[in-house]
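Chain residues, written in single-letter form:
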Amino acid sequence: MQWLASLSDAGAWLAPIATLAVTACAAAVLLLRDHVRLEQHALSLESEVERLQDRIWQLAESETHYRGLIEAQLDIIVQQDAQGCVIFANDGYARLVGRPRHRLTGSVVKPTVVETGPVHTRLDGARSFDEAIETNEGVRWIAWIETMSRARGGAPAMLRMGREVTERVVSERALDEARTKAEAASEAKSRFLATVSHEFRTPLNGILGMTDLILDTPLTSEQTTYAHAIKTSGEAFLSLIDEILDFSKIEAGRIDIVAKPFDIHGLVQGVVELLAPKAQGKGIEISAYIATDVPRCVVGDGDRLRQVLVNLAGNAVKFTDFGGVGVEVSRGATDQILIEVRDTGPGIPADRIPVIFDEFEQGDASPSRRHGGAGLGLAITRRIVEGMQGTIAVHSEVRRGTTFAVTLPLPDAGSGDVDPDETITVAGKRVLVVARSPFEAPFLVRHLEAAGAYVAPVETAVDALAKIATSRWDAVVVDYRLGDHAVREIAKEARLARVERSVVLLSPFERRDFGSPSAAGFDTYLVKPVRPRSLFERLTKTLPQKPQTAGPRTSPVRSVVRESGVVGPRVLLVEDNEINALLALKSLEKLGAIVDWAKDGHEALALAEASFSGVRAAYDLVLMDIRMPGLDGLEATRRIRKLEQALGRNPPCRIIALTANALKEDEDAARDAGLDGFLAKPFEFEALNRLFFKDDGQAARASGSAA
């Protein structure tokens, strides 16, 4: 028991010791765990330090690498702080300013700027500009890009990067200088062409005009032949001058395309009628067909289209010796008008077609070619068509003819005017057309069929007589080219068959020799080329019952001579060239005019003032030359207009420019000066005659220019 008691006492004091031991063991375990954690953290830190050291080394190596690249660049780099002190500069900048690089940092050294170009700000805020800088090697041009950046520590800085562009700037300036010289040369050429045009047209006016006066006098057949040769040569020379002037203006980019409403039907028919005398003089025909769906009034440049058609159709007439020329107008895609000029001429060799629109090229380039010319007509035509946003193409076969196709955007003007052809109806009429022609007869047939008529075309008198004998016809249309006996026989049979209307088609040359159509058995006649409206009128309207009688040949020129005892129109002619003055004076006197001749602008102004004050009779017309010594025609006109305003004269006197200055800008200048019209030399007698019957000089100008 004692032993147990002693054991109990020992347990009492051993218990705290055991607790302490357990606590100590727990603490030791914790210490050991913390130690392990610390060792692991130390290892991690050591690894991170090593990684950071590697990164620092890589960055240092990268900085060295890129700094080396920058240093090696030929470009110029400089960074400056807000005070302009250099923070960084590469060797390129050091060379530019002529200083050692190590002396630039912290300095405010700047290059010597000789010239600064315009500054441009980009979308990112950077500025770009060129500077001419004085260096030890001379002036060098540097193209700078300047942008904001940050220096070390985050302070704002300006970074400028430049590249030498001396060669570029020198080239650009040389190009600008060359362009300036070229423009000056172009202006000089234009002035030269204007002068040459005037100097050529002035004697040509005398040559052609005097030739007309000679041809109007009694001549032997030999003299007439020689006079016609002079006139033909002069007209060819004038055509060549016009081609060269047109091409020069187009080449200089001075072609102006306008967009305004014009009557395309009247324009096409007018061109065909203009070229008809030349075609008929060669024994060929020219005719036009305009599809019924082509609007009468379209929007475009009518003057340029007329020039295109005159070139194409004129060429066709020139190169065609048998058959004829046809101009056909149809409607293409939306707002597109297709114009085809076809001929039955010799055609163009296949090897010439690819270059036919090039300058100074012709369909026949051989030394033995029959037709002359500068080879500019088609080149001018192509430029005009392209300027009107159109296209031109050619299809040709040797000995089978040529077709030029022009497609132009010409939208309908939407004028709402009624087509005058639609007011006359031939619907239901039976018409026999007797003609052997490639274009005129087929076009007439198509016009009649489109208008609702029943048409039977035949080509011989035998077929025509058979048709008349076996069928009923309301009208018979016969082309005189079948022969005098044949057409008279057809007319006779038509009367016997009680055909209501018989019409014979004549050229102006045939009309002179044909005599009275009624005497030949016809009800009426039409002069070729035939307009549809004229044909419809002949077939439908009541004709005068009084038979026509043959009479002497009459002049196509209408005289303005008044009734006996009445004074004719008074004209003031202002012309410094004596030959041209004599020509105009004689032409005006033939028209019955009373003419005063002023040799310069001062004399013209004095005569006009005298007429205004009542000292002299008032003038009905003033023909004003433009280029004269002393006071030119434009200034003389301005002074006359001012004088009229001061005196309150209304209406003002008609003043028409009679001049050899035939360029478009010359006409514009004349209009601006107060002139009412523009008649270009050399002019035709008929063009001068029209001045007394037109409200303005537009028609006169067109006729004069085409002379």
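About the thresholds
- Residues numbered from 1 in each chain as written.
- Predicted model: local features only at pLDDT ≥ 70, side-chain atom pairs only at ≥ 80, totals over all residues.
- Heavy atoms only, no water.
- Helix = DSSP H or I, 4+ residues; strand = E, 2+ residues; numbered from the N terminus.
- Buried < 20%, exposed > 50% of the residue type's maximum accessible area, 1.4 Å probe, protein only.
- Pairing = 2+ DSSP bridges.
- Axes fitted to C-alpha atoms, helices over the stretch in contact; angles between N-to-C directions.
- Salt bridge = Lys/Arg side-chain N within 4 Å of Asp/Glu carboxyl O.
- Core = buried A, V, L, I, M, F, W, Y, C linked by side-chain atoms within 4.5 Å.
- Contact = heavy atoms within 4.5 Å.
- Expected span 1.5 Å × (residues − 1).
- Polar contact = N/O pair within 3.5 Å; in protein donor to acceptor, adjacent residues only side chain to side chain.

Caption draft 1: Representation of unusual backbone geometry within the structure. Here the bond from K528 into P529 is cis, since omega is -5°, no more than 30 degrees from zero. Note that P529 resides in the loop between β19 (524-527) and α12 (532-540). Within the chain, Q389 stands out as a residue other than glycine whose phi angle is a positive 65°. As for its position among the elements, Q389 is in the loop between α7 (377-387) and β13 (391-397). A residue is classified by how much of its surface remains accessible, and Q389, at 64% relative accessible area, is exposed. The backbone of R399 sits at a positive phi, close to 65°, despite the residue not being glycine. Looking at where R399 falls in the secondary structure, it is placed in the loop between β13 and β14 (401-409).

Caption draft 2: How the structure looks around the sheet that holds strand β12 (residues 336-343). Strand order in this open sheet of five strands is β9-β11-β12-β14-β13, and the pairing throughout is mixed. If you trace the sheet from one side to the other, it starts and ends with β9 (285-290) and β13, each paired once. Strand-to-strand, the axes of this sheet are offset by a mean angle of 15°, without reference to chain direction. Bridging between strand β11 (residues 324-331) and β12 involves seven bridges; their strand directions are antiparallel. Counted as the bridge partner of V329 is I339 from β12.

Caption draft 3: Layout of the pattern of salt bridges. Evaluation of the coordinates by the stated rule reveals 29 salt bridges. A salt bridge links E328 to R446; the shortest N-O distance between them is 2.8 Å. Remark: R446 occurs in helix α8 (residues 440-450) and E328 occurs in strand β11; sequence separation between them is 118 residues. Through salt bridges that share partners, R127, E131, E146 and R160 make up one connected network.

Caption draft 4: Molecular detail of the environment of L679. Along the chain, L679 falls in strand β24 (residues 677-680). With relative accessibility at 0%, the residue L679 sits in the buried group. Linking L679 and M624, residues 55 residues apart in sequence, is a C-alpha distance of 9.7 Å.

Caption draft 5: Main features of the nonpolar core. Ranked by internal contacts, the top residues of the largest apolar core, which has 47 residues, are I264, I286, L305, L309 and V327. Not counting chain neighbours up to four residues away, the residues in contact with L309 comprise L267, V268, V271, G314, V327, I339 and V341.

Caption draft 6: Seen up close, helix α15 (residues 633-647). With 15 residues, α15 extends 21 Å from end C-alpha to end C-alpha; this agrees with the ideal 21 Å at 1.5 Å per step. Backbone nitrogen of L634 and a side-chain oxygen of the N-cap are separated by 3.1 Å at the start of α15; the cap is D632. Among the residues trailing α15, G648 stands out with phi positive, at a value near 70°.

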